[in-house]
Amino acid sequence: MKALIYRGPGKKEWAEAPRPTLTKPTDAIVKVLHTTICGTDLHILKGDVPAVTDGRILGHEGIGLIEEVGEAVANFKKGDRVLISCVTSCGRCSYCKKQLYAHCQDGGWILGHKINGTQAEYVRIPHADNSLYLAPSGVDDAALLMLSDILPTGFEIGVLSGQVKPGDTIAIIGAGPIGMATLLTSKFYAPARTFMVDLDDSRLETAKRFGATDLVNSGREKAVDRILSMTDGVGVDVAIEAVGVPATFDICQKIIKPGGHIANVGVHGKSVELHLEELWIKNITLTTGLVSTYSTPMLLNTVKSKTIAPEQLVTHRFKMNDMLNAYEVFANASKEKSMKVLISAE
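Just so it is clear, the model here is predicted, and its values are computed rather than measured.

Asker: It is not clear to me how the overall build of the protein should be interpreted in this structure. Could you clarify?
Answerer: Secondary structure assignment for the protein yields 13 helices and 15 strands. Taken over C-alpha atoms, the radius of gyration comes to 20 Å for the protein, in line with the 20 Å a tight globule of 346 residues would show. Across the 346 residues that make up the protein, the buried fraction comes to 57%. Contacts in the protein between residues far apart in sequence, at least 24 positions, make up 69% of those at least 6 positions apart.

Asker: Looking at this structure, I do not really get a nonpolar patch on the surface. What am I missing?
Answerer: On the surface, Leu274, Leu276 and Leu286 cluster together to form a nonpolar patch covering roughly 250 Å² of accessible area. Structurally, the position occupied by Leu286 is in strand E13 (residues 285-287).

Asker: Can you walk me through the packing of helix H5 (residues 150-160) against helix H6 (residues 177-186) in this structure?
Answerer: To characterise two packed helices, one gives the angle between the axes of the helices and the distance between these axes. At a closest axis distance of 8 Å, the pairing of H5 and H6 adopts a crossing angle of 70 degrees. With respect to each other, H5 and H6 are oriented roughly perpendicular. The crossing of H5 and H6 is right-handed. Here Ile150, Leu151, Thr153, Gly154, Phe155, Gly158 and Val159 of H5 lie close against H6, whose contacting residues are Pro177, Ile178, Ala181, Thr182, Thr185 and Ser186.

Asker: How do you make sense of the pairing of strand E4 (residues 62-69) when you look at a structure like this?
Answerer: Walk down a regular strand and you will see the side chains alternate between the two sheet faces. Sheet analysis places strand E3 (residues 28-35) next to E4, joined by six bridges and oriented antiparallel. Directly across from Val32, in E4, lies its bridge partner Gly64. As defined by bridge partners, E4 adjoins strand E5 (residues 81-84) across four bridges and the pair is classed as antiparallel. The residue bridging Ile63 from the neighbouring strand is Leu83, located in E5.

Asker: How do you make sense of H6 when you look at a structure like this?
Answerer: Note on helix geometry: an α-helix contains 3.6 residues per turn, so any two residues three or four positions apart are oriented the same way. Among the ten residues in H6, ten count as buried, and that is most of the element. When we look at burial in H6, the residues that qualify are Pro177, Ile178, Gly179, Met180, Ala181, Thr182, Leu183, Leu184, Thr185 and Ser186.

Asker: Would you mind going over the nonpolar core with me for this structure?
Answerer: The tendency in soluble globular proteins is for nonpolar side chains to be buried as a group. Counting residues in each nonpolar core, the largest one holds 51 residues, and the members touching the most others are Leu144, Leu147, Met180, Leu183, Met196 and Leu313. Taken together, the elements giving at least two residues each to this core come down to helix H4 (141-145), H5, strand E8 (169-173), H6, helix H7 (201-210), strand E11 (236-241) and helix H11 (296-304). Counting residues in each nonpolar core, the second largest holds 34 residues, with Ala28, Val49, Ile115 and Ala128 among its members.

Asker: Just checking my understanding: could you explain the packing of aromatic side chains for this structure?
Answerer: Tallied over the entire structure, the rule returns two aromatic pairs. Judged by centre distance (5.6 Å) and plane angle (85 degrees), the rings of Phe155 and Phe188 are edge-to-face. With Phe155 in helix H5 and Phe188 in the loop between H6 and strand E9 (193-198), this pair connects stretches of sequence that are 33 residues apart. Here the aromatic rings of Phe155 and Tyr189 are separated by 6.4 Å at their centres, their planes lie at 20 degrees, and the arrangement is stacked. One end of the pair, Phe155, is in helix H5; the other, Tyr189, is in the loop between H6 and E9, with 34 residues separating them in the sequence. By way of ring pairs, the aromatic residues Phe155, Phe188 and Tyr189 are connected into one cluster. Positioned above the aromatic ring of Tyr122 is the side chain of Arg19, whose terminal nitrogen or guanidinium carbon lies 3.9 Å from the ring centre.

About the cut-offs
- Residues numbered from 1 in each chain as written.
- Predicted model: local features only at pLDDT ≥ 70, side-chain atom pairs only at ≥ 80, totals over all residues.
- Heavy atoms only, no water.
- Helix = DSSP H or I, 4+ residues; strand = E, 2+ residues; numbered from the N terminus.
- Rg over C-alpha atoms; globule rule 2.2 N^0.38 Å.
- Buried < 20%, exposed > 50% of the residue type's maximum accessible area, 1.4 Å probe, protein only.
- Contact = heavy atoms within 4.5 Å.
- Patch = residues over 30% accessible without salt bridge, like charges linked within 9 Å, V, L, I, M, F, W, Y side chains within 5 Å.
- Areas by Shrake-Rupley, 256 points an atom, 1.4 Å probe, with all protein chains shown as cover.
- Salt bridge = Lys/Arg side-chain N within 4 Å of Asp/Glu carboxyl O.
- Axes fitted to C-alpha atoms, helices over the stretch in contact; angles between N-to-C directions.
- Parallel < 35°, antiparallel > 145°, perpendicular 65-115°, else oblique.
- Left-handed = near helix turned anticlockwise from the far one by under 90°.
- Pairing = 2+ DSSP bridges.
- Core = buried A, V, L, I, M, F, W, Y, C linked by side-chain atoms within 4.5 Å.
- Phe/Tyr/Trp six-rings, centres within 6.5 Å; stacked < 30°, edge-to-face > 60°.
- Lys NZ or Arg CZ within 6 Å of the ring centre and 35° of its normal.

Note that all results are geometric; they support no functional claim without further evidence.
Printed below as a string of structure tokens:
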């Protein structure tokens, strides 16, 4: 089969790879119909995730058809159309019992990280009964694909960890796919005001269409000064970091009001400076995390009912054999005006 293979920092190739086989009775083999690229994949290619080794097939998002199941798989059969969760969970360990599936002792984020992933024609899914969802009929494939990772990530690690409440003033730093997913799902809690901060005017305009009330281009103006001036010097109730670089984390520290929440969603490859000398007295809460996808069933319902329309996040479509070009477009988001890419087998 063909797959996108990591060859060390800055290197990747679309090449032949062995087709996966069942290794445990709880496994399923899925034929990938649609996949996409995540900002985390770009972090991997930069060398920010050293656990990813040469030869790993990348990708942790997808929709597919069940090709084969192990004898212990009870919920799925050959031919079922499924959503692949970015997080694998056994459902039995102490972390899974707490719904902390991200830290499953025999799973977590392993696809495209510690085992081969979804940017391929076929993928092996461990613990299939707990790591796959039947794809509902009548739901747009592009909308469904956004439920593999970015929607639950933005919702769980940004909105829920940040404890967004009705009437809050919130700021999302980074108008990329994760920032947009956070913006879409924050609307469940009706914040009164939402600042979106980014360097790209095109993305900021998209954020405005998605419901952001205030746009700040941090390349042209000082984001901290602008937000403080627009909040009477007080700052925001919730600051959500959605990039993963020191500068964006620093903005969050400087705009948070007393009693506020900083929710870090971005993947950081470098250390940041935590200004406890300023924050200790402000009674703030700082959270970090890797998505556990416990919210996926609920988010599936919101997509089925068209409460939210995450298919709006897809800006470009490619065939799987054009995977390398899809990476170029996704990695050059400002130039290409790209958000999420949909990569299809046919």
